[in-house]
Amino acid sequence: MINHPAEPFRIKMVEPIHLISREQREKAMQVAGYNLFSLKAQDVYIDLLTDSGTGAMSQHQWAAIMEGDESYAGASSYFHLQEAMQQIFGFEYFVPTHQGRAAENILCAIKIKPGNIIPSNMHFDTTDANIRARGGIPDNCVTSEAFDIHSSNPFKGNMDLEKLENVIKTAGAENIPFGCITITNNAGGGQPVSLQNIKETAALYHKYNIPFFIDCCRYAENSYFIKKREAGYEQKSLLEIANEIFSLADGAFMSAKKDAIVNIGGFLAVRDQDLFQDICNELILREGFITYGGLSGRDLEAMAVGLKEGLDENYLTYRIGQTAYLGQQLIEKGVPIIEPPGGHAIYVDAGSFLDHIPQPEFPGQAVAAALYLEGGIRAIEIGSVMFAHPDPYSGEMVYPKLELVRLALPRRVYTQSHLDYVVEIFTHLKDRRKDLRGYKLTYAPPLLRHFTARFTPLT
Ligand SMILES: *Cc1c(COP(=O)(O)O)cnc(C)c1O
């Protein structure tokens, strides 16, 4: 048995959680139309729906909150955040935003003209949607190993540079107002990108005079993977690695709900003064004044402290170790997952776990529903419920390559016993997996259907 390093904190405040009875869980699922988004959070025992905004803040963050300066303009909380931003990211300018997608919206509103192409290793769904909302076309150039669930490549989030250069040549650099990379690659299993690859990506964008932006929601987890897996970085501090990453870019945007361990917040940072001026105008229109950007002073304080705590090596050793522990335990029990385990989540290969359920009957949904019915655990389906869509020409259904269920780990929230419980429930499910049945949709909206769809179990 491989144990992960013990939590580098002890618990001072607790939030009770309850496992309601099997009968109550069945009732709750019926009422929810078997959609886990429609459950009351109170009826969930272990909530692994997302790692976004669900982390536990530290005593230092709570203490900082009490010092929040709620002045409309020029609040001291803003300058505390600016100090942390300078130390870690080093961009000349930044604005706070209320979430990551607000930063994306502002950047896309300013930069994108209809028909423009925006490449990345893999855009997260909000980035993808914000690009499309301005008439742009997102393009994903991640290495093809990202789709091989058993490849043990240590940097499966890497950009395929050949694909990227082809996209640039085909589109023409003048039609690419900026290019991106996402670290770690959330949409592709939380897999990291190497510093070498970030360097080469930056060089390629710059060869064509394309500004390079980093979607850096999990910059700290990615920095930790670089230190542990990439030759030449073993002796560097995580701060030095982060500094090197961002020195390569022209800007960055972040959802602070991830590695800054806050419940709400984000930012957009740039080097170019003219662009910053446009950003400020757009920010004031949509989010708020330059020194608060849609957040309260106390949120800025919590973020300033959280950005630094997220980069602490003891914390990350525990954090990444915890994810690896869950992954290792599931592999040992014969549950197939995307390997190697990523930073913030484990992705179970539901398609092969329930290989008797065909894609039109939603094997991922079947695993997610069974996890709740069996153990009160909430996960999220990332498969045909989320991504299957009719082909615009033939009308035939197009199914995604993989049927996954994501178990996202909130930061500093659950202990090893909670994870052991999750593994135990999976072991039960494995023993009776042949009894599990698929689902049929009874309602589906035209877009983003996974949030509000309703199902009925097949018998
Ligand atoms: C969460 C996330 C976003 C969007 O951030 P929100 O705060 O949810 O708006 C963008 N990119 C990545 C990679 C993310 O994980």
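Cut-offs and rules
Residues numbered from 1 in each chain as written. Predicted model: local features only at pLDDT ≥ 70, side-chain atom pairs only at ≥ 80, totals over all residues. Heavy atoms only, no water. Domains from an automatic or database assignment. Contact = heavy atoms within 4.5 Å. Buried area = accessible area lost by both parts, 1.4 Å probe. Salt bridge = Lys/Arg side-chain N within 4 Å of Asp/Glu carboxyl O. Polar contact = N/O pair within 3.5 Å; in protein donor to acceptor, adjacent residues only side chain to side chain. Phe/Tyr/Trp six-rings, centres within 6.5 Å; stacked < 30°, edge-to-face > 60°. Helix = DSSP H or I, 4+ residues; strand = E, 2+ residues; numbered from the N terminus. Buried < 20%, exposed > 50% of the residue type's maximum accessible area, 1.4 Å probe, protein only. Lys NZ or Arg CZ within 6 Å of the ring centre and 35° of its normal. UniProt positions renumbered as here; feature names shortened; annotations may be inferred. Patch = residues over 30% accessible without salt bridge, like charges linked within 9 Å, V, L, I, M, F, W, Y side chains within 5 Å. Areas by Shrake-Rupley, 256 points an atom, 1.4 Å probe, with all protein chains shown as cover. 1 Å grid on protein atoms, 1.4 Å probe; cavity = no way out; pocket = protein on both sides within 12 Å on 5 of 7 lines; lining within 4 Å. Points joined across faces, edges and corners; volume = space filled by probe spheres on them. Nonpolar A, V, L, I, M, F, W, Y, C, P; charged D, E, K, R; others polar. Pairing = 2+ DSSP bridges. Axes fitted to C-alpha atoms, helices over the stretch in contact; angles between N-to-C directions.

**Student:** I'm lost on the domain arrangement of the protein in this one. Help?
**Tutor:** Quoted interface sizes are often the accessible area lost when the parts come together. Segmentation of the protein into domains returns domain 1 (22–51 + 312–457) and domain 2 (59–309). Domain 1 puts 23 residues into the contact, and the matching count from domain 2 is 28 residues. When the buried surface of domain 1 facing domain 2 is broken down by residue, Glu313, Pro340 and Arg411 rank first, second and third, together holding 23% of it. Between domain 1 and domain 2 we count seven salt bridges in total. A salt bridge links Arg319 to Glu221; the nearest nitrogen and oxygen atoms lie 3.0 Å apart. The interface formed by domain 1 and domain 2 includes 15 residue pairs in polar contact (both at pLDDT 80 or more).

**Student:** I keep staring at the packing of aromatic side chains and nothing clicks. Help me out?
**Tutor:** Geometry of an aromatic ring pair is reported as the spacing of the ring centres plus the angle between the planes. Under the definition given, this model contains 20 aromatic pairs. An angle of 75 degrees between the planes, with centres 4.8 Å apart, marks the rings of Phe89 and Phe246 as edge-to-face. Within this pair, whereas Phe89 is found in the loop between α3 (76–88) and β2 (93–97), its partner Phe246 is found in helix α9 (residues 238–247), the two being separated by 157 residues in sequence. As far as burial versus exposure is concerned, Phe89 and Phe246 are alike and both buried. Between Phe91 and Phe246, the ring centres sit 6.1 Å apart and the planes meet at 75 degrees, which makes this aromatic pair edge-to-face. Placement of Phe91 in the loop between α3 and β2 and of Phe246 in helix α9 is noted, with a sequence separation of 155 residues between them. Neither residue differs from the other here; Phe91 and Phe246 are each classed as buried. Within the aromatic cluster, the residues linked to one another by ring pairs are Phe89, Phe91, Tyr219, Phe246 and Phe267. The residue whose ring lies beneath Lys401 is Phe147, and the NZ or CZ to ring-centre distance is 4.1 Å. For the cation-ring pair, Arg412 lies above Tyr315, with the distance from its terminal atom to the ring centre recorded as 5.9 Å.

**Student:** Would you mind going over the UniProt feature "modified residue: N6-(pyridoxal phosphate)lysine" (unreviewed entry) in the protein with me for this structure?
**Tutor:** Residues given the UniProt feature "modified residue: N6-(pyridoxal phosphate)lysine" (unreviewed entry) here are Lys258. Judged by its relative accessible area of 7%, Lys258 is buried. Setting aside residues no more than four positions away along its own chain, Lys258 makes contact with Asp51, Ser52, Cys217, Arg218 and Arg411.

**Student:** Sorry, what's going on with a nonpolar patch on the surface here?
**Tutor:** Taken together, the side chains of Phe9, Ile11 and Val14 make up a nonpolar region of the molecular surface, amounting to roughly 300 Å² of accessible area. Relative to the assigned elements, Val14 resides in the segment before α1 (22–31).

**Student:** Is there a simple way to explain the layout of surface pockets in this structure?
**Tutor:** Estimates place the volume of the second largest pocket at around 1500 Å³. Lining of the second largest pocket is provided by 40 residues; of these, Met13, Glu15, Ala56, Arg412 and Val413 occupy positions nearest its centre. No other element matches helix α2 (residues 59–66), which puts three residues into the lining of the second largest pocket. The class makeup of the residues in the lining of the second largest pocket is 18 nonpolar, 13 polar and nine charged. Shared between two domains, the lining of the second largest pocket takes at least three residues from each, and those domains are domain 1 (22–51 + 312–457) and domain 2 (59–309).

**Student:** Just checking my understanding: could you explain the sheet that holds β2 for this structure?
**Tutor:** Either a parallel or an antiparallel arrangement is found when strands of a sheet pair, and the pairing is made through backbone hydrogen bonds. As summarised here, the arrangement of the five strands in space is β2-β8-β7-β6-β5, forming an open sheet in which the pairing is mixed. The two strands at the open ends of the sheet, each matched to only one other strand, are β2 and β5 (179–182). Across the sheet, the mean angle from the axis of one strand to that of its neighbour is 15 degrees, orientation sign disregarded. Examined bridge by bridge, β2 and strand β8 (residues 266–270) share five bridges and lie antiparallel to one another. Bridging from a neighbouring strand, Phe94 pairs with Ala269 of β8.

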